[in-house]
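A look at the structure
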Amino acid sequence: MPKGEGKLVAQNKKARHDYTIIDTIEAGIVLQGTEIKSIRNSRINLKDGFARIRNGEAFLYNVHISPYEQGNIFNHDPVRTRKLLMHKKQIARLTGEVKNAGITLVPLKVYLKDGYAKVLIGVAKGKHQYDKRESLKRKDVDRQISRTLKNYSR
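Residues numbered from 1 in each chain as written. Predicted model: local features only at pLDDT ≥ 70, side-chain atom pairs only at ≥ 80, totals over all residues. Heavy atoms only, no water.

- By the naming in an unreviewed UniProt entry, the protein goes by SsrA-binding protein and is assigned to Candidatus Enterococcus murrayae.
- UniProt, in its Sequence similarities (unreviewed entry) section for the protein, records the words "Belongs to the SmpB family."
- UniProt annotates the protein under Subcellular location (unreviewed entry) with the comment "Cytoplasm". (UniProt positions renumbered as here; feature names shortened; annotations may be inferred.)

Structure (structure tokens):
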């Protein structure tokens, strides 16, 4: 299965608005206890999440996985730092890319693939305010063109 396919659980739509995505990479997530049950129930929020490489390992920060409702006192901390599972070559390549100014790692979506939770990490460059406005204008124009073509073909 290509990366980014599987049962989609959560998606970070704001990331594509705020950043220009240069490249994507698939990574596994190290989870504790009932976190996978919460993910299967789509109780995950990627909005403020980001990834960092520290000591040759990749970590995911500020991703909120809600505690499992039927869990007990051993439920997990919702916003804890989670380790990402990637090959050393992938981590080395990401380290080189992140050293450039303005490049960051952003989680784009979380999905279930063969029973495992995977996260699609995007290598992203931040957009300026005028870039965001330009993207919205282009989207509007494309929408109007498609409407016109749809009405014209009737």
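That covers the picture; the talk isn't over yet.
Focus on the nonpolar core
- Counting 25 residues, the largest nonpolar core has Ile-39, Ile-44, Leu-84, Met-86, Val-119 and Ile-121 as the members making the most contacts within it.
- Looking at this core, the elements that each hand over two or more residues are strand E1 (7-11), strand E2 (19-29), strand E5 (57-61), helix H3 (88-98), strand E8 (103-113) and strand E9 (116-126).
- What Ile-44 contacts, discounting residues up to four positions off in sequence, is Val-9, Ala-10, Ile-39, Val-63, His-64, Ile-65 and Val-110.
- Val-106, Leu-108, Tyr-111 and Leu-120 belong to the second-largest nonpolar core, a separate cluster that totals six residues. (Core = buried A, V, L, I, M, F, W, Y, C linked by side-chain atoms within 4.5 Å. Buried < 20%, exposed > 50% of the residue type's maximum accessible area, 1.4 Å probe, protein only. Helix = DSSP H or I, 4+ residues; strand = E, 2+ residues; numbered from the N terminus. Contact = heavy atoms within 4.5 Å.)

Regarding the environment of Gly-71
- As for its placement among the helices and strands, Gly-71 is situated in the loop between strand E6 (64-65) and strand E7 (82-85).
- A relative accessible area of 28% places Gly-71 in the partly exposed class.
- Placed 36 residues apart in sequence, Gly-71 and Glu-35 show a C-alpha to C-alpha distance of 9.8 Å.

Focus on the packing of aromatic side chains
- Counted according to the given criterion, the structure contains one aromatic pair.
- Taking 5.2 Å as the distance between ring centres and 15° as the angle between the ring planes, the aromatic pair formed by Phe-50 and Tyr-61 counts as stacked. Placement of the pair is Phe-50 in strand E4 (residues 50-54) and Tyr-61 in strand E5, with a sequence separation of 11 residues.
- For Tyr-61, a relative accessible area of 13% puts it in the buried group.
- Across from the ring centre of Tyr-61, 5.7 Å away, lies the NZ or CZ of Arg-52, which sits over that ring. (Phe/Tyr/Trp six-rings, centres within 6.5 Å; stacked < 30°, edge-to-face > 60°. Lys NZ or Arg CZ within 6 Å of the ring centre and 35° of its normal.)

Some details on the pairing of E7
- Residue alternation in E7 divides its side chains into a buried set, Arg-82 and Leu-84, and an unburied set, Lys-83 and Leu-85.
- The pairing of E2 with E7 spans two bridges and is antiparallel. Its bridge partner lying in E7, Ile-29 is registered against Leu-84.
- Two strands pair when backbone bridges link them, and E5 and E7 are joined in this way by three bridges, in the antiparallel orientation. (Pairing = 2+ DSSP bridges.)

Concerning the environment of Leu-31
- Among the secondary structure elements, Leu-31 is positioned in the loop between E2 and helix H2 (35-40).
- Residues Leu-31 and Arg-82 lie 51 residues apart in sequence; the distance between their C-alpha atoms is 7.1 Å.
- The contacts of Leu-31, once residues within four sequence positions are left out, are Ile-36, Ile-39, Ile-65, Arg-80, Arg-82 and Ala-117.

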